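Working through the structure, step by step
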Amino acid sequence: MNPVGKAFGLDDLERDLANAARTIDLYVSPEVHHTLDLAKETQIERVAVDSGKTRDSIKVTGLDGAEWTPTTVNGEAGPTWFVGALLEHGTATMAPKPFVEGSLDPHMEDHKARTLRAATNGALRGIVT
Amino acid sequence: MTAPAATTPADAAILARLETLQLPVGDARAPEGASTSNDPAFRTYVILYPRTVSHIGETSTVTNRYSDPILRYQVTSVGVDRLAAKTASDLVCAALLGAPLVVAGRTVVAFMHDGSVPVQRDEAVTPPLFYVVDYFRLDLN
């Protein structure tokens, strides 16, 4: 134990910040999921109309398809059906019809505001409790 | 606040750079007279596709939201086999990134390779064609 640290209450501060860090993810996770849901809706609007199977396969998951948990703060929205990739990138004989690229853009301003608010609330709640 | 800048000068600059390749270049479609997959003298070609434009760039200011647009491009390199497609992709990257890009009326902040799709086989045609997709990002101000 560092007596100097104890004298200045650094142990308490360290504990409070650790609590805050754990709580932040719980608060931010739903906001990230909400943003990805919005991106998913944007993709559904943009995907070529003759690709219903691709549209139905658009999902929100954690990174690389991982299950979403209450503390997940990194995720992705996109199609799982292979045609989605062909539409997005095109082929040698078919022009790309991108619908994933840029699907987050219309929602980022709102996302930044919501996640900042959630992170602040989470940090304060973590310190108070 | 000014209006968003036209993106056609940037498209033209990239097309001009690709045309130094001595390969047929298509502008958002296969080049005029492009080889078909069963052509014994198939000639490798590339196609430029302008993709999304973010008029509001990451470093745009509050007083001018359109000051720093971000443009994304895709170049699809098409060959009769894996090596031809990959070689064309390498040539595309060298041609586009080998010297600073100049866009009329704008300052190029950054022009970079922004990912790729490795060699794929397009079996929609017989015999199949091979292609590589390269993405590029152009930051202007």
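This text gives an overview of the structure that appears in the document.

Definitions and limits used
- Residues numbered from 1 in each chain as written.
- Chains lettered and ligands numbered in written order.
- Predicted model: local features only at pLDDT ≥ 70, side-chain atom pairs only at ≥ 80, totals over all residues.
- Heavy atoms only, no water.
- Core = buried A, V, L, I, M, F, W, Y, C linked by side-chain atoms within 4.5 Å.
- Buried < 20%, exposed > 50% of the residue type's maximum accessible area, 1.4 Å probe, protein only.
- Helix = DSSP H or I, 4+ residues; strand = E, 2+ residues; numbered from the N terminus.
- Contact = heavy atoms within 4.5 Å.
- Pairing = 2+ DSSP bridges.
- Phe/Tyr/Trp six-rings, centres within 6.5 Å; stacked < 30°, edge-to-face > 60°.
- Lys NZ or Arg CZ within 6 Å of the ring centre and 35° of its normal.
- Buried area = accessible area lost by both parts, 1.4 Å probe.
- Salt bridge = Lys/Arg side-chain N within 4 Å of Asp/Glu carboxyl O.
- Nonpolar A, V, L, I, M, F, W, Y, C, P; charged D, E, K, R; others polar.

**Notes on the nonpolar core**
All names here are of chain B.
- Core analysis: the biggest nonpolar cluster contains 24 residues, and Ile14, Leu18 and Leu138 have the highest contact counts within it.
- Within the residue set of this core, elements represented by two or more residues are helix H1 (8-18), strand E2 (45-54), strand E3 (70-79), helix H2 (82-97) and strand E5 (129-140).
- Residues within four places of isoleucine 14 in sequence aside, it is in contact with Leu48, Tyr73, Leu96, Leu101, Phe111 and Leu138.
- Within the second largest apolar cluster, eleven residues are counted, among which are Phe42, Ile47, Val133 and Tyr135.

**Describing the pairing of E5 of chain B**
All names here are of chain B.
- Burial analysis of E5 places twelve of its twelve residues in the buried class, the great majority of the element.
- Here E5 shows no split at all, with Leu129, Tyr131, Val133, Tyr135, Arg137 and Asp139 on one side and Phe130, Val132, Asp134, Phe136, Leu138 and Leu140 on the other all buried.
- The sheet contact formed by E3 and E5 spans ten bridges and is antiparallel. Bridge pairing in E5 links serine 77 to valine 132.

**Comments concerning the packing of aromatic side chains**
- Under the definition given, this model contains three aromatic pairs over all chains.
- With a centroid separation of 4.8 Å and 65° between ring planes, the pair formed by tryptophan 81 of chain A and phenylalanine 82 of chain A is classed as edge-to-face.
- Overall, tryptophan 81 of chain A belongs to the partly exposed group, its relative accessible area being 30%.
- You can call phenylalanine 82 of chain A exposed: its relative accessible area is 51%.
- With a centroid separation of 6.1 Å and an interplanar angle of 35°, the aromatic rings of phenylalanine 42 of chain B and tyrosine 45 of chain B are classed as tilted. Taken as a pair, phenylalanine 42 of chain B and tyrosine 45 of chain B share a single burial class, namely buried.
- Of note, lysine 53 of chain A hangs over the ring of tryptophan 81 of chain A, and the distance from its end group to the ring centre comes to 4.2 Å.

**Brief notes about the interface of chain B and chain A**
- Each partner contributes to the interface: chain B provides 18 residues, whereas chain A provides 14 residues.
- A combined buried area of about 1,200 Å² lies between chain B and chain A, and 49% of that area is made up of carbon and sulfur atoms.
- Together, Tyr49, Arg51 and Tyr131 of chain B form the three largest contributors to the area buried by chain B at its contact with chain A, with a combined 37%.
- Run the count over chain B and chain A and you get two salt bridges.
- The salt bridge involving arginine 51 of chain B is made with glutamate 88 of chain A; its shortest N-O contact spans 3.0 Å.
- At five residues, the largest contribution of residues to the side of chain B that touches chain A is made by E2 of chain B.
- Split into classes, the residues belonging to the side of chain B that touches chain A amount to ten nonpolar, four polar and four charged.

Read these as layout, nothing more, since geometry by itself doesn't imply function.
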